[in-house]
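Given next are the chains, with one letter for each unit.
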Amino acid sequence: MLSFSSISNEAASTGELTEEFSTKQAPLKPGLYLVGTPIGNLEDITLRALRVLRSADVILSEDTRHSGKLLHYYNIKTPLVSYHKFNESQREQVVLKRLCSGEIVALISDAGTPGISDPGMVLAKLCVDKCIPVIPIPGPSAPLAALSASGLLTNEFTFAAAVGFLPKHASKRRERLVVSASCATTQIFFVPPHKLSQFLEESSSIFGESRYCVIAREMTKLHEEFWRGSLGEAKEAYSTHQPKGEITLLIEGTTIEDEPFPESQVENELEKLLSKGHSLSMAVKMIATRTSMKRKAIYSLALEKFGPS
């Protein structure tokens, strides 16, 4: 049987709520704690996360200045040590030594869950290999927050490091987008605001301008915004201004058409893509994601109409 007691807002605001829950918990065991932190709103943190951060011997932080604001807000005095992609290889052995000596080490990122498109994956793997406990402390996640409110299908979705932040090189980026465009699952991307226009230009040409998308911006913050519409409409809407803040962009999965494109339509699509600078093979791949017509048949047509004389 479960029993619940109400605690006044005054008690919660003064930290008594955290204190009461903390005293009923067993001491933390040594190990690496992956602690989820707010993605914008400082109130989006769990009581357990606060207890771990207070109890840890050290907190590894992607940006100590940024994380310092969170710790100051909750009056947490635990020492911060920088841990990011530029120094993680140098820090690993020092951190492992502290863990092997029985310390409690908390790892946080700038926002959300550490190790997901953030530093921490390598360290977690090293700890697992050395039988050092790795304990997840669940918390906010930008991809899941955006997906839950998007209105798109949530039963299957794709978010991976390669998809989250796309490659910098144009050819590799297009290859990744072509793979995503052929998937039936909802696709989730992190897009820097200064790259949004470029992303919409590239994705609309690969996914098709009619593909539905959701642009989630500044989630959990004062100016939170969800824009919904087709990729073509998004390209037009954001062509004249650059939005501010963090962006999570979702694109609906593909629905392969029952009937293949007529040859004339395939030819027109090929001509459009080639005029935009895509290679013949890339244009074939892109069209193959939008129709049930066999790629081999599209390639044969492409060679016949646009191949070397």
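Look a little higher up for the structure.
About the criteria used
- Residues numbered from 1 in each chain as written.
- Predicted model: local features only at pLDDT ≥ 70, side-chain atom pairs only at ≥ 80, totals over all residues.
- Heavy atoms only, no water.
- Helix = DSSP H or I, 4+ residues; strand = E, 2+ residues; numbered from the N terminus.
- Buried < 20%, exposed > 50% of the residue type's maximum accessible area, 1.4 Å probe, protein only.
- Contact = heavy atoms within 4.5 Å.
- Areas by Shrake-Rupley, 256 points an atom, 1.4 Å probe, with all protein chains shown as cover.
- Pairing = 2+ DSSP bridges.
- Axes fitted to C-alpha atoms, helices over the stretch in contact; angles between N-to-C directions.
- Polar contact = N/O pair within 3.5 Å; in protein donor to acceptor, adjacent residues only side chain to side chain.
- Salt bridge = Lys/Arg side-chain N within 4 Å of Asp/Glu carboxyl O.
- Core = buried A, V, L, I, M, F, W, Y, C linked by side-chain atoms within 4.5 Å.
- Parallel < 35°, antiparallel > 145°, perpendicular 65-115°, else oblique.
- Left-handed = near helix turned anticlockwise from the far one by under 90°.

Colleague: Residue-level account of the overall build of the chain, with values.
Modeller: Each helix and strand counted, the chain has 14 helices and 10 strands in total. The buried share of the chain, reckoned over its 309 residues, is 41%. In the chain, the proportion of contacts linking residues at least 24 apart, taken out of those at least 6 apart, comes to 70%. Accessible surface, the chain as shown: approximately 17,300 Å² in total, 53% of it carbon and sulfur.

Colleague: With reference to specific residues and values, describe the sheet that holds strand S6 (residues 157-158).
Modeller: Strand order in the open sheet formed by five strands is S6-S7-S10-S8-S9, and the pairing between neighbours is mixed. The sheet is open, and its two edges are formed by S6 and strand S9 (225-230), each paired on a single side. Here strand S8 (residues 212-217) pairs with strand S10 (residues 247-251) via five bridges, running antiparallel. Among the inter-strand pairings, arginine 217 is bridged to a residue of S10, identified as isoleucine 247. Against the sheet, helix H7 (residues 142-150) makes contact with S6, strand S7 (186-190), S8, S9 and S10, and its axis sits at roughly 50 degrees relative to S10, the strand it touches most. Lying over the sheet, helix H10 (residues 196-207) contacts S7 and S10, oriented at roughly 10 degrees with respect to S10.

Colleague: Which residues make up the sheet that holds strand S1 (residues 31-35), and what values go with them?
Modeller: Pairing between the strands of a sheet comes from backbone hydrogen bonds, and it takes one of two forms, parallel or antiparallel. Strands sit in the order S3-S2-S4-S1-S5 across an open sheet of five strands; the sheet is parallel. Two strands in the sheet have a free side with no partner beyond their single neighbour: strand S3 (80-82) and strand S5 (134-137). Neighbour to neighbour, the strand axes of the sheet diverge by 25 degrees on average, direction disregarded. Alignment of S1 against strand S4 (residues 104-108), held across four bridges, turns out to be parallel. Residue leucine 34 lies in a different strand from S4, and its bridge partner there is leucine 107. With respect to the sheet, helix H4 (residues 64-73) is in contact with strand S2 (58-61), S3 and S4, its orientation differing from that of S3 by roughly 160 degrees. Packing of helix H6 (residues 121-129) onto the sheet brings it into contact with S1, S2 and S5, and relative to S1 it is tilted by some 150 degrees.

Colleague: Which residues make up the side chain of threonine 186, and what values do they have?
Modeller: In this structure, threonine 186 sits in strand S7. Only 2.8 Å separates the side chain of threonine 186 from the backbone oxygen of leucine 153, close enough to count as a polar contact. Apart from residues lying up to four places away in sequence, threonine 186 is in contact with Leu147, Leu152, Leu153, Glu156, Phe157, Thr158, Leu250, Ile251 and Gly253.

Colleague: Account for the pattern of salt bridges, with residues named and values stated.
Modeller: Here the structure, examined in full by the defined rule, presents eight salt bridges. As a salt-bridge pair, lysine 125 and aspartate 129 come within 3.2 Å of each other at their nearest N and O atoms. Taken as a pair, lysine 125 and aspartate 129 lie in helix H6 at a separation of four residues, close to a single helical turn. Each member of the pair, lysine 125 together with aspartate 129, is exposed. Put simply, glutamate 267 and lysine 305 hold a salt bridge, and the shortest N to O gap is 3.9 Å. Of this pair, glutamate 267 sits in helix H12 (residues 263-275) while lysine 305 sits in helix H14 (residues 295-306), and the two are 38 residues apart along the sequence. Glutamate 267 sits in the partly exposed class, given a relative accessible area of 27%. Owing to a relative accessible area of 39%, lysine 305 belongs among the partly exposed residues under this scheme.

Colleague: I'd like to hear about the nonpolar core, residue by residue, with values.
Modeller: Ranked by size, the top nonpolar core spans 34 residues in total, and within it Phe189, Phe199, Leu200, Phe207, Leu249 and Ile251 carry the most contacts. Among the secondary structure elements, those contributing two or more residues to this core are helix H9 (170-181), H10, S8, helix H11 (231-237), S10, H12, helix H13 (280-288) and H14. Element by element, the count of residues in this core is highest for H13, at seven residues. Once residues lying within four places of it in the same chain are set aside, the contact partners of isoleucine 251 are Leu152, Thr185, Thr186, Gln187, Phe189, Phe199, Ser203, Phe207, Arg211, Tyr212, Cys213 and Leu231. Residues Ile45, Leu53, Ile104 and Ile137 belong to the second largest nonpolar core, which totals 19 residues.

Colleague: Outline the packing of H12 against H13, supporting the account with residue identities and numerical values.
Modeller: The geometry of H12 relative to H13 is characterised by a closest axis approach of 9 Å and an angle of 130 degrees between their N-to-C directions. As judged from the angle between their axes, H12 and H13 are oblique. Judged by the sense of rotation from one axis to the other, the crossing of H12 with H13 is right-handed. Every residue of H13 that contacts H12 at Val266, Glu269, Leu270, Leu273 and Leu274 is listed here: Leu280, Ala283, Val284, Met286 and Ile287.

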